[in-house]
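# A look at the structure
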Amino acid sequence: MSDKVQNILKASFWVLAVSWYSRVLSMLTVIILARNLDKHDFGILAGCFVIQSFFNAIASTGVREFILRKETITAEDINAAWTIHVSTRLLMALSIFGLSGYAADFMKIPEIGLLLKVMSLSAVFQGFQNLAIYIDMKKLRYSKPSLLGAISKSVASTTSISLAIIYQSYWAVVVSEVLFHAVYTIGTHVAYKHKLKFVSKNVFEQWQFSKWIILKGIVGYIKAAFDKIIVSRNYPLGDLGLYNFSMEAATTASKFIIQPLNKLIYPSLSDYVNDKRVLVDKVNKSLLVLSCVYIPIVFGGVYLSDILVPVVFGSKWSEAVPLFNIFLPMTFAGILVSALTNVYTLTGKVKQQFWYEVITSILFLMVMVPASTLPLLDFALCRQLVPYVLLLTIMLALQRTLPISIFKLLKLLFIPLMCSLFMILLLRFFSQLVTIDNDIVFLLVSICIGALAYIVALVTMVVLSKGIVPENDFLYKNFILGFIGVSKRKLEQKRAKNG
């Protein structure tokens, strides 16, 4: 196993363990919020975060991407990045505070005016983060960043859960959002002693990169939030809440599993920017890993949704099942688009990426604006198609820079798709063969059987095809043989200890 793979696996211990701990808290928070708030509360929160996301897009300068792209990170680089970062975040805070009333009128949700004023504090705390944390990320040293994120998430989630149970108010989410950024920012200064200061040196270099990231973020905001703006202005507040909740519930798994993996993948790919063929090889392997992990979740989630949603979130959300079934498959395409967008950023083609965002945003509007006259479920079906159109578009855009193949991607998806289909067929057979009256027990048993069936099928097909598909050989050597090796060592250690 190469040193690079060993470093990635070592970093994985921290990122996956601590990030999954944070994701467990996030899932628990969403579940408790769903059981204590109604769809109107979720509608108010959706409107609030849509406005905040707009200003966040304006203030997103890409400092993380700029720093991680550099072969060597200097103090001047950190200070230049921080100078731009704090300036844009303070401007963001002032803008949210001053325009909150107009935003409430635009969204037709009067309640969000005061909420936005309070949430403007989040931007202030974000601006003063110590960006020296990215030096550790570049070197795949994730112990401090991961622990810091976990501590911040613990404080915020505990606060949100407590306030939601006691007051049953959407203020629980707003307060915890501000608290998270406050704790995280303080933590970065405790963990990293780099003294930040305003500088002019190297600022121009980063600004040449950041200005396109900002423009890309503004245009990309259309794809991320404009559908909720349309729902807010054309449908009742309760429908916006139902729409927002269904999307949050559908993306829970990707936030829990895929986002921690993406945190590892992006820095690990940055070392191959100058070798396009190696970079594409690493990208293909990364996409294969993401697909093997997430595709069975999509299949299983849709198949079990009639039981999954009411059991987990409460029976009052049964009406969200049709929307959940639409949004869950959509998240898979979104994951691939997000990963490939990061690759596009790595290539440094920020101008081209900006125009890609412009074109795809126009496509988004061409689909979603006419759909605003449709019933909510039909509107959501149109929204489901968008990420797959975007996936095809970014693959075509990347082909202008990298030797990446759409056919290759489809070939990589074949095995996880077939294994997931086998899992569903087995679950259908199980449900017809065995009757379990308790929904919770049935759900847990189905998840265990499905996971076991998928793993067995995947391992079998990877072993059989490892000599044919190089990426499957990568899975075999680094994951299957790696797991067998670790298991053997632990067994030998246990025998030695007992003997």
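As shown above, the structure is provided for reference.
Now for a look at the structure at hand. (Residues numbered from 1 in each chain as written. Predicted model: local features only at pLDDT ≥ 70, side-chain atom pairs only at ≥ 80, totals over all residues. Heavy atoms only, no water.)

### Some remarks on the side chain of D227
Mapped onto the secondary structure, D227 falls in helix 9 (residues 203–234). Leave out the neighbours within four places in its chain, and D227 touches Y243, M247, F364, M368, F379 and R383. (Helix = DSSP H or I, 4+ residues; strand = E, 2+ residues; numbered from the N terminus. Contact = heavy atoms within 4.5 Å.)

### Re the packing of helix 2 (residues 39–59) against helix 9
Their axes nearest at 8 Å, the elements helix 2 and helix 9 cross at an angle of 170°. When the axis of helix 2 is compared with that of helix 9, the two are roughly antiparallel. Where helix 2 abuts helix 9, its residues V50, S53, F54, A57 and I58 lie against I214, G217, I218, Y221, A225, K228 and I229. (Axes fitted to C-alpha atoms, helices over the stretch in contact; angles between N-to-C directions. Parallel < 35°, antiparallel > 145°, perpendicular 65-115°, else oblique.)

### Considerations on the side chain of S286
Within the secondary structure, S286 sits in helix 11 (residues 276–303). Classification of S286 as buried rests on a relative accessible area of 15%. At 2.8 Å, the side chain of S286 and the backbone oxygen of K282 are in polar contact. (Buried < 20%, exposed > 50% of the residue type's maximum accessible area, 1.4 Å probe, protein only. Polar contact = N/O pair within 3.5 Å; in protein donor to acceptor, adjacent residues only side chain to side chain.)

### Quick notes on the packing of helix 12 (residues 305–313) against helix 17 (residues 439–465)
A packed helix pair is summarised by two numbers, namely the angle formed by the two axes and the spacing between the axes. For the pair helix 12 and helix 17, interaxial distance at closest approach is 10 Å and the crossing angle is 120°. Between helix 12 and helix 17, the crossing angle belongs to the class labelled oblique. In this structure, helix 12 crosses over helix 17, and the sense of that crossing is left-handed. Together, I307, L308 and V311 of helix 12 and D439, I440, F442 and L443 of helix 17 make up the contact between the two elements. Looking at side-chain class alone, the contact of helix 12 with helix 17 contains six nonpolar, no polar and one charged residues. (Left-handed = near helix turned anticlockwise from the far one by under 90°. Nonpolar A, V, L, I, M, F, W, Y, C, P; charged D, E, K, R; others polar.)

### Describing a nonpolar patch on the surface
Taken together, the side chains of I359, I362, L363, M366 and V389 make up a nonpolar region of the molecular surface, amounting to roughly 450 Å² of accessible area. Counting residues per element, the nonpolar patch draws most heavily on helix 14 (residues 350–371), which supplies four residues. When you line up the elements, M366 lands in helix 14. (Patch = residues over 30% accessible without salt bridge, like charges linked within 9 Å, V, L, I, M, F, W, Y side chains within 5 Å. Areas by Shrake-Rupley, 256 points an atom, 1.4 Å probe, with all protein chains shown as cover. Salt bridge = Lys/Arg side-chain N within 4 Å of Asp/Glu carboxyl O.)

### Brief notes about the nonpolar core
It is characteristic of soluble globular proteins that their nonpolar side chains tend to be buried jointly. Ranked by size, the top nonpolar core spans 98 residues in total, and within it I112, W317, F327 and L340 carry the most contacts. Sorting elements by how many residues they give to this core places helix 13 (residues 321–346) first, with 16 residues. Residues contacting L340, with those up to four places away along its chain left out, are V283, L287, L391, I394, M395, L398 and I404. Ranked by size, the runner-up nonpolar core spans 22 residues in total, among them L68, I73, M137 and I213. (Core = buried A, V, L, I, M, F, W, Y, C linked by side-chain atoms within 4.5 Å.)

### Concerning unusual backbone geometry
Positive phi outside glycine occurs at K108, with the angle close to 60°. In this structure, K108 sits in the loop between helix 4 (75–107) and helix 5 (112–127). Given the relative accessible area of 54%, K108 is considered exposed. One non-glycine residue, Q168, lies in the positive phi region at around 50°. Within the secondary structure, Q168 sits in the loop between helix 7 (143–167) and helix 8 (171–191).

### Things to note about the packing of aromatic side chains
For the structure on display, the rule yields 14 aromatic pairs. Ring geometry for F42 versus F245: centroids 5.6 Å apart, planes at 80°, classification edge-to-face. Taken together, the residues span a long stretch of sequence, with F42 in helix 2 and F245 in helix 10 (residues 237–269) at a distance of 203 residues. Residues F245 and F313 carry aromatic rings whose centres are separated by 5.1 Å and whose planes lie at 90° to one another, so their mutual orientation is edge-to-face. Placement of the pair is F245 in helix 10 and F313 in helix 12, with a sequence separation of 68 residues. Just as F245 is buried, F313 falls in that class too. (Phe/Tyr/Trp six-rings, centres within 6.5 Å; stacked < 30°, edge-to-face > 60°.)

### Looking at the environment of P387
In this fold, P387 is placed in helix 15 (residues 376–398). By relative accessible area, which is 7% here, P387 ends up buried. In this structure the C-alpha to C-alpha distance between P387 and S95, which are 292 residues apart in sequence, comes to 30 Å. Apart from the residues lying within four places of it in its own chain, the contact partners of P387 are M330, A333, G334 and V337.

### Some remarks on helix 12
Every buried residue of helix 12 is listed here: S305, V309 and F313. Taken down its axis, helix 12 places every buried residue within 25° of arc, on the same side. Of the residues one or two after helix 12, G314 is the one with positive phi, at around 115°. (Arc of directions from axis to C-beta.)

### Focus on helix 4
Two residues of an α-helix separated by three or four positions point the same way, owing to the 3.6 residues in each turn. A bend of about 60° at S100 is the largest found in helix 4. One or two positions beyond helix 4, positive phi appears at K108, with a value near 60°. (Bend = angle between axes of the 7 residues up to and from the residue.)

### Some thoughts on the pattern of salt bridges
Under the defined criterion, the tally for this structure stands at five salt bridges. Its salt-bridge partner being D227, residue R383 comes within 3.1 Å of it at the nearest N-O pair. Residue R383 is found in helix 15, and its partner D227 is found in helix 9; the two are separated by 156 residues along the sequence. Like R383, the residue D227 is buried in the burial classification. Between D281 and K285 there is a salt bridge whose closest N-O contact spans 3.1 Å. Here K285 and D281 lie together in helix 11, a separation of four residues that amounts to about one turn. Looking at D281, the relative accessible area reads 26%, which means it is partly exposed. Note on K285: relative accessible area 16%, which makes it buried.

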